[in-house]
Structures are given as C-alpha cells and as structure tokens.
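This is what each chain is made of:
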Amino acid sequence: RWKAGMIREMKARHHDRWNRKTILVSQGWDAGHEADAEWMNGTREAWGWECKSCGQWQRYLFDSIKYNVERDDKGGVLWDVVQDSIRMQCEHCKAEHKDDAATRRGMSMRSFYKAFNPHPVRGHRSFEYPAYAVWWIPWFAIVKEWIEANEAKSVGHLEPLKQFVQKRKAQVWQEEVISNLPEIT
C-alpha cells in the first residue's frame, strides 16, 4: 500500500526528465488517497468481455455475477447450492454464462480494455482489473468471500468487506456509516 505522500515524492525524483516513466501498481485504496487522483487523471481503462451470445462488450462487474443463497435450519449457508447456482449474466442480452474454467477462459479470450476518461492527462494511462476477471479464479471463491464479508459486516466487523472491495473488486473503499437507529424524516 502506498503511504500518504509517497507517490508525490516518487514523481518528484524524476526531476523533469524527458523520458521518465512512472508505473504505479496497487489494489484499491481508501477514498481520498493520492492514488485516486492518479487514477482519475489517467485514461481509466476497464477490462471487459464480449458476450458470446450477443457480441456486446461490458465491464467485469461483481453485480453481473448471479447466485442463489439458501440456508439450513440453523442459518448456515448451503455452499453447494451457492456453488451450483453461480453464473455471469450479460447486462445486454441477459444470457447466463456458467462458472467453469472453459467458460471463464473463453470470456478472457474475448476481453480487452476500454478507456472511460475522454479527457485524460496526455500520456497518463490507468487501468482496472478485478479478481473475477482472472479466468483461473472460480467465481464461487469470489462469491463465498463476499457472503462471508457481509456476514462479518452484519456483526459490525468491516475489515473483510473493505479487503474484498479493495483487493477483489479493485475499487476505492468508501467508509460506511452503520447505524441501527431509524432515519429521521
């Protein structure tokens, strides 16, 4: 993790050299971190896939992974049911793609980056690549981690959810306010 001020210090050490290059590699970070400005100033390229059914490109989004959660009479998750139900749904045609290595590998072969910042700093590129875009990682492993992180959140433990957002989704962590008090209207 980049400590506050480290990116600025590293860039200052370039001393305005004409052939300088800066490569910053990180997982997600906390909101307000200087890495966020680096990301925003770049091309903001997202890794996405073309649906085999309709040919439309889309980002790899966690919300596109669909699954069913059933619980036993003690409230425990029936993991085999979750595992058997996992699929990636195309946001355009709603085709569902099962969670197996061949399917994930095929999606990976039809994947590429698209830039989302129409006005980046010239020469400044930034990329996102979430864990569920890696073809050899079963989506079940990601979903299981998500369910467990949310169960921890339900008892007030946010660290697993923060780790999931930053390390699996490769996104910025926004501190959440949790309260059991009713909203005042």
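The preceding data block contains the structure.
Now for a look at the structure at hand.

What follows concerns the packing of aromatic side chains. Under the defined criterion, the tally for this structure stands at 12 aromatic pairs. Ring geometry for Trp57 against Phe112: centres 6.2 Å apart, planes inclined by 35°, an arrangement best described as tilted. With Trp57 in strand β2 (residues 57-59) and Phe112 in strand β6 (residues 111-115), this residue pair connects regions lying 55 residues apart in the sequence. For Trp57, a relative accessible area of 12% puts it in the buried group. By relative accessible area, which is 31% here, Phe112 ends up partly exposed. With a centroid separation of 6.2 Å and 75° between ring planes, the pair formed by Trp79 and Phe140 is classed as edge-to-face. Residue Trp79 is located in helix α3 (residues 79-85), and its partner Phe140 is located in helix α5 (residues 139-153); the two are separated by 61 residues in the primary sequence. Three or more aromatic residues joined by ring pairs make a cluster, and in this case those are Trp47, Tyr113, Phe127 and Tyr129.

Below, the discussion takes up the side chain of Ser111. Here Ser111 lies in strand β6. Here Gly48 takes part through its backbone oxygen, which lies 3.3 Å from a polar atom of the side chain of Ser111. There is a polar contact of 3.2 Å between the side chain of Ser111 and the side chain of Tyr60. The residues touching Ser111, leaving out its near neighbours within four places in the chain, are Trp47, Gly48, Trp49 and Tyr60.

A sheet is described by the order of its strands in space; here 3 strands give the open sequence β3-β4-β5, paired in antiparallel fashion. A strand with exactly one partner marks an edge of an open sheet, and here the two such strands are β3 (65-66) and β5 (96-98). Sheet topology note: the β3/strand β4 (residues 87-89) ladder contains 2 bridges and is antiparallel. Following the sheet pairing, Ile65 is matched in β4 by Met88.

Reading the values: the criteria
- Along each chain, residue indices are assigned from 1 in the same order as the chain's sequence is written.
- Totals for whole chains, interfaces and linings use every residue, but because this is a predicted model, local features are given only for residues with pLDDT of at least 70 and side-chain atom pairs only at 80 or more, for both listing and counting.
- The side-chain numbers reported here are obtained from all heavy atoms of the structure, hydrogens and water having been left aside.
- The rule is short: rings of Phe, Tyr and Trp, with Trp giving its six-membered ring, pair when the centres are within 6.5 Å, and they are stacked under 30 degrees, edge-to-face over 60, tilted in between.
- Runs of H or I in DSSP of at least four residues are treated as helices and runs of E of at least two as strands, each being numbered from the N terminus.
- Exposure categories follow from relative accessible area, calculated using a 1.4 Å probe and restricted to protein chains: below 20% of the type maximum is buried, above 50% is exposed, and the middle band is partly exposed.
- Pairing of N or O atoms within 3.5 Å defines a polar contact, subject to two protein rules: one partner must be a possible hydrogen donor and the other a possible acceptor, and residues neighboring in sequence count only if both atoms are side-chain atoms.
- Contacts are residue-level and defined by heavy atoms, with any inter-residue pair within 4.5 Å sufficient.
- Here the rule is simple: two strands pair whenever DSSP picks up at least two bridges between them.

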